[in-house]
Amino acid sequence: LRDNFNVTFELHNTFASPSVALARTFDMMAAGSNPAPVHGIVGPLLSASAGPVSLLASINSLPVVGYAATDPALSRKTERGISTYQWFSRVIPSDDQLLHSIFQACKQLNWGSVSVLYLDDPWGAGVAEAVEEQAKKFNIKVGTKQKFTPG
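Residues numbered from 1 in each chain as written. Predicted model: local features only at pLDDT ≥ 70, side-chain atom pairs only at ≥ 80, totals over all residues. Heavy atoms only, no water.

Engineer: I'd love a proper account of the pairing of strand E4 (residues 113-119), names of residues and values included.
Structural biologist: Residues Val114, Val116 and Tyr118 of E4 are buried on one face, while the alternating residues Ser113, Ser115, Leu117 and Leu119, pointing to the opposite face, are not. Across seven bridges, the pairing between E4 and strand E5 (residues 141-148) is parallel. Within E5, the position partnered with Val116 by the bridge is Lys145. On the question of chirality, the crossover connecting E4 to the parallel E5 by way of helix H4 (residues 122-137) is right-handed. (Buried < 20%, exposed > 50% of the residue type's maximum accessible area, 1.4 Å probe, protein only. Helix = DSSP H or I, 4+ residues; strand = E, 2+ residues; numbered from the N terminus. Pairing = 2+ DSSP bridges. Right-handed = clockwise from strand over helix to strand, strands pointing away.)

So, in structure tokens, the structure goes:
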């Protein structure tokens, strides 16, 4: 590292809201070098926010590192091998990777069927769909699929 090298962190609470996450990202980018230039973003927590934030940050070629965003769409590539979220990376496996491992274990344990209880939101619906896809690949039946609303 060079002498006089400083790292500055800004913390922003997005309140688990994609619109707040976008507003905070826009504010950081618009501030430019006041107090310091932004060179990257760690977060936001949710996949629903990480996608839009990554797209906005990509305007300035800012990398976004997701520490909890697990939506497989954030790392999928198009038929031409291009990712929609080119500046996004994660430090946690995607739901697809995790489910693949879970279904490997199910197969090893000779389970013939599973049930799915999922949160009634876009993330939960996406995971439920991914469970069905992985179950089909491993020839495991999805017996019951039930969504729920917390509270």
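Engineer: Requested: an account of the sheet that holds strand E3 (residues 88-90), with residues and values cited.
Structural biologist: Pairing is parallel in the open sheet, where three strands are placed in the order E1-E2-E3. Each having just a single partner strand, strand E1 (41-42) and E3 make up the two edges of the open sheet. Both E1 and strand E2 (residues 64-66) contribute to a ladder of two bridges, which runs parallel. Opposite Ile41, over in E2, you have Val64 as the bridge partner. Lying over the sheet, helix H2 (residues 47-58) contacts E1, E2 and E3, oriented at roughly 165° with respect to E2. (Contact = heavy atoms within 4.5 Å. Axes fitted to C-alpha atoms, helices over the stretch in contact; angles between N-to-C directions.)

Engineer: Lay out the packing of helix H1 (residues 18-31) against H2 in plain terms, naming residues and giving numbers.
Structural biologist: Contact pair H1 / H2: the axes reach a minimum separation of 9 Å and the direction vectors enclose 25°. The angle between H1 and H2 places the two elements in the roughly parallel class. Pair H1 / H2 crosses with right-handed handedness. Within the contact between the two elements, H1 uses Pro18, Ala21, Leu22, Thr25, Phe26 and Met29 and H2 uses Ala48, Ser49, Pro52, Val53, Leu56 and Ala57. When grouped by side-chain class, the residues that make up the contact of H1 with H2 number ten nonpolar, two polar and no charged. (Parallel < 35°, antiparallel > 145°, perpendicular 65-115°, else oblique. Left-handed = near helix turned anticlockwise from the far one by under 90°. Nonpolar A, V, L, I, M, F, W, Y, C, P; charged D, E, K, R; others polar.)

Engineer: Report on the environment of Pro150, specifying residues and quantitative values.
Structural biologist: Checked against the element boundaries, Pro150 lands in the segment after E5. Using a relative accessible area of 56% as the deciding quantity, one classes Pro150 as exposed. Along the backbone, Pro150 and Pro52 are 98 residues apart, and their C-alpha atoms lie at a distance of 25 Å.

Engineer: Could you give an account of H1, with specific residues and numbers?
Structural biologist: Its 14 residues place the ends of H1 20 Å apart at the C-alpha level, agreeing with the 20 Å of an ideal helix rising 1.5 Å per residue. Where H1 is concerned, the buried positions are Ala21, Thr25, Met28 and Met29. Within H1, the buried residues cover an arc of 95° as seen down the axis, which keeps them to one side. Facing away from the buried side of H1, by more than 90 degrees, are the exposed residues Ser19 and Ala30. (Expected span 1.5 Å × (residues − 1). Arc of directions from axis to C-beta.)

Engineer: Would you mind going over unusual backbone geometry in detail, with residue names and values included?
Structural biologist: With the exception of glycine, the majority of residues adopt a negative phi angle, and the majority of peptide bonds are in the trans configuration. Following Gly43, the chain continues into Pro44 via a peptide bond in cis, with omega recorded as 0°. For Pro44, the location among the structural elements is in the loop between E1 and H2. The phi dihedral of Ser61 falls on the positive side, at around 55°, and the residue is not glycine. As for its placement among the helices and strands, Ser61 is situated in the loop between H2 and E2.

Engineer: Describe in detail the pattern of salt bridges, supporting the description with residues and values.
Structural biologist: Evaluation of the coordinates by the stated rule reveals two salt bridges. Among the salt bridges present, the one from Arg76 reaches Asp96, with a minimum N-O distance of 3.1 Å. In this pair, Arg76 is assigned in the loop between E2 and E3 and Asp96 in helix H3 (residues 95-108), connecting sequence segments 20 residues apart. A salt bridge links Glu132 to Lys145, with the shortest nitrogen-to-oxygen separation between them at 3.0 Å. Placement of the pair is Glu132 in helix H4 and Lys145 in strand E5, with a sequence separation of 13 residues. The partly exposed category is assigned to Glu132, whose relative accessible area is 34%. (Salt bridge = Lys/Arg side-chain N within 4 Å of Asp/Glu carboxyl O.)

Keep in mind that these numbers describe shape and distance, not what the molecule does.
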